[in-house]
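Each chain, letter by letter, is given below.
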Amino acid sequence: MSARPASDALPGTDAGTASSAAALPAGTDAALRDVVGPKGVIEGGDLAQRLEEWRGKWRGRTPLALAPASTAEVARIVRICADARIAITPQGGNTGLVGGQTPTNGEVLILLHRMNRIRSVDPLDATMTLDAGVTLAAAQDAAASADRLFPLSIGSEGTCQIGGIVSTNAGGVNVIRYGNTRDLVLGLEAVTAAGEIWNGLKRLRKDNTGYDLKQLLIGGEGTLGIVTAATVKLFPRPKEKATALVGLASPAAALELLALAQDASGGQTTSFELISGAAYDLCVRNVPGVRHALAGRHAWHVLFEFSSGQIGVLRPMLEALLADAYARGLVADGVIAESEAQAHDLWRMRHALSEAMKPEGLQAKHDVSAPLSDVPRFLELADAGVERACPGARVIAFGHLGDGNIHYDVLRPAGVDDAAFRARLRDVEAAVYAAVDAVDGSISAEHGVGLARRDDLATRKDPAALAMMRSVKAALDPHGIMNPGKMLR
Ligand SMILES: Cc1cc2nc3c(=O)[nH]c(=O)nc-3n(C[C@H](O)[C@H](O)[C@H](O)COP(=O)(O)OP(=O)(O)OC[C@H]3O[C@@H](n4cnc5c(N)ncnc54)[C@H](O)[C@@H]3O)c2cc1C
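Note that the structure is predicted; figures quoted are calculated from it, not measured.

### Digging into the side chain of K486
Part 1 of the argument: The topology assignment puts K486 in the segment after helix 17 (463–476).
Part 2 of the argument: This buried residue, K486, is left without a salt bridge; E107 holds the nearest opposite charge, at 4.9 Å.
Part 3 of the argument: Within the structure, K486 has its side chain in polar contact with the backbone oxygen of T102 (distance 2.7 Å).
Part 4 of the argument: At a separation of 2.9 Å, a polar atom in the side chain of K486 contacts the side chain of N483.

In structure tokens form, the structure reads like this:
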């Protein structure tokens, strides 16, 4: 059995190019509205915002956008849609970067923001259970109010939601210490494609009772079911953090510094972010309030942070590490944040990098990963390949070096217009992917597949793995109503 392809449109979808979606049958439309009541039908300006991806890359259309207030309402909606074979797209904070949250084929849009209850915070279990529509920032605050840490941290945390981070297996800046979302989730509650409620909100650290179903939904991009709640792990709250920014000559030097930092901190390195000089310059130019923190200019920078449950240990540790790194010639200049405000300013630069790219027009974005030790080789190969494919193109590279994850963005060369650059994009992408292949890396490290990488996945993923993915999709969503056309064709 295979899942229905995107082009084979379901009733309730219009895979054509019309600017508005085909209306639902009147009885179905009324039944769906009835589930959520007037408060749960999203229309007008609120809906327009939800139909557009934040950078304007994808625009969707929908016959109906519903914001259920409970898991039971989600289940009733999905059951009606399943019976009528109507396609659904779930959406959280609409901050996804690969188009997965946009109803591009006229799907019914399910918005989770009204489900925003912190169900429980248990410091003894070190767990927290949250509705899918709780924002990541609110989840962090809820943990902090119980003197615990929920460590996931990404630039969109004020807006993205628990259901979204689970469904994209979000990563971010603390993965090196705490893992990504996949490592942080203990249990899930979800509504299946048949409209059944699966209560898998376990708080167990060990549970070997067969297939780990939650792991299918984590990173599932809404293609297998709708996540309605999650139980996540909490950690002791660090009592102290130490943050530093250094300038260095090469990614190879940064990699050596990472090994030294891990040794020096005894595993307390919480973040280790690589930022090219060009990326930093762009941020200073395009984001108000961001300034260069080091006196000179450097080809590369690392922003890194240690955190500890003890007070007074980190600063001497960091100073000794930097002295060692200077002595070895790894670091050319550096600054240690003297206050929380200074640390905040350094992080502001890192978090504003996506925003800094926005005014730069057409660009080829890549979110790739490589084995740690191969990151320098990946960058060398990609730079050379991109220069061959599009001479003069500007490369903006930054990312989570501690996880081998590089955001490798290619900007239009000076003097080349968008049309000429667009004609080169395929070649640019091929060059970057060739470099990924050379180091046995991944073409999507943390942003997922969605629409942006779907066709690449179809041609590049191991055929046996693709066949298993299709079997899972067909088994859990036999009518292909869950976010069809995303991730898999
Ligand atoms: C400035 C900025 C910085 C970012 N930094 C990072 C980063 O460092 N690391 C990182 O990993 N990502 C990053 N992202 C990407 C994005 O924020 C994450 O992918 C985030 O997890 C998406 O959450 P969301 O709630 O906005 O989901 P959405 O964008 O609404 O949806 C994303 C996907 O999840 C599905 N989905 C959403 N909610 C549900 C649900 N309840 N049930 C089932 N499916 C659902 C959607 O259908 C879609 O396929 C960044 C984005 C921005 C704008």
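### Observations regarding the domain arrangement of the chain
Part 1 of the argument: Segmenting the chain into domains produces domain 1 (118–236), domain 2 (240–355) and domain 3 (359–449).
Part 2 of the argument: The C-alpha-based centres of domain 2 and domain 3 are spaced at 23 Å.
Part 3 of the argument: Each partner contributes residues to the interface: domain 2 has 19 residues there, and domain 3 has 18 residues.
Part 4 of the argument: Interface of domain 2 and domain 3: buried area, both sides summed, is about 1400 Å²; carbon and sulfur atoms make up 68% of it.
Part 5 of the argument: Of all residues in domain 2, the largest losses of buried area upon contact with domain 3 belong to L255, L274 and L282, amounting jointly to 31% of the total for that side.
Part 6 of the argument: Run the count over domain 2 and domain 3 and you get one salt bridge.
Part 7 of the argument: Between E360 and R285 there is a salt bridge, with its nearest N and O atoms 3.1 Å apart.
Part 8 of the argument: Taken together, domain 2 and domain 3 are joined by seven residue pairs in polar contact (both at pLDDT 80 or more).

### Some details on the side chain of S271
Part 1 of the argument: For S271, the position within the fold is in strand 12 (residues 269–276).
Part 2 of the argument: A polar atom in the side chain of S271 sits 3.0 Å from the backbone oxygen of V173.

### Regarding the sheet that holds strand 3 (residues 108–111)
Part 1 of the argument: Reading across the sheet, the three strands line up as 1-3-2 and stay open at both edges, with parallel pairing between neighbours. The strands lining the two open edges of the sheet, one partner per strand, are strand 1 (65–66) and strand 2 (88–91).
Part 2 of the argument: Sheet topology places strand 1 next to strand 3; two bridges connect them, and they run parallel. In the strand pairing of strand 3, L66 is matched with I110.
Part 3 of the argument: Sitting on the sheet, helix 2 (residues 44–51) is in contact with strand 1, strand 2 and strand 3, with an inclination near 100° to strand 3.

Analysis parameters
- Residues numbered from 1 in each chain as written.
- Predicted model: local features only at pLDDT ≥ 70, side-chain atom pairs only at ≥ 80, totals over all residues.
- Heavy atoms only, no water.
- Helix = DSSP H or I, 4+ residues; strand = E, 2+ residues; numbered from the N terminus.
- Buried < 20%, exposed > 50% of the residue type's maximum accessible area, 1.4 Å probe, protein only.
- Lys, Arg positive; Asp, Glu negative; His and termini not counted.
- Salt bridge = Lys/Arg side-chain N within 4 Å of Asp/Glu carboxyl O.
- Polar contact = N/O pair within 3.5 Å; in protein donor to acceptor, adjacent residues only side chain to side chain.
- Domains from an automatic or database assignment.
- Contact = heavy atoms within 4.5 Å.
- Buried area = accessible area lost by both parts, 1.4 Å probe.
- Pairing = 2+ DSSP bridges.
- Axes fitted to C-alpha atoms, helices over the stretch in contact; angles between N-to-C directions.

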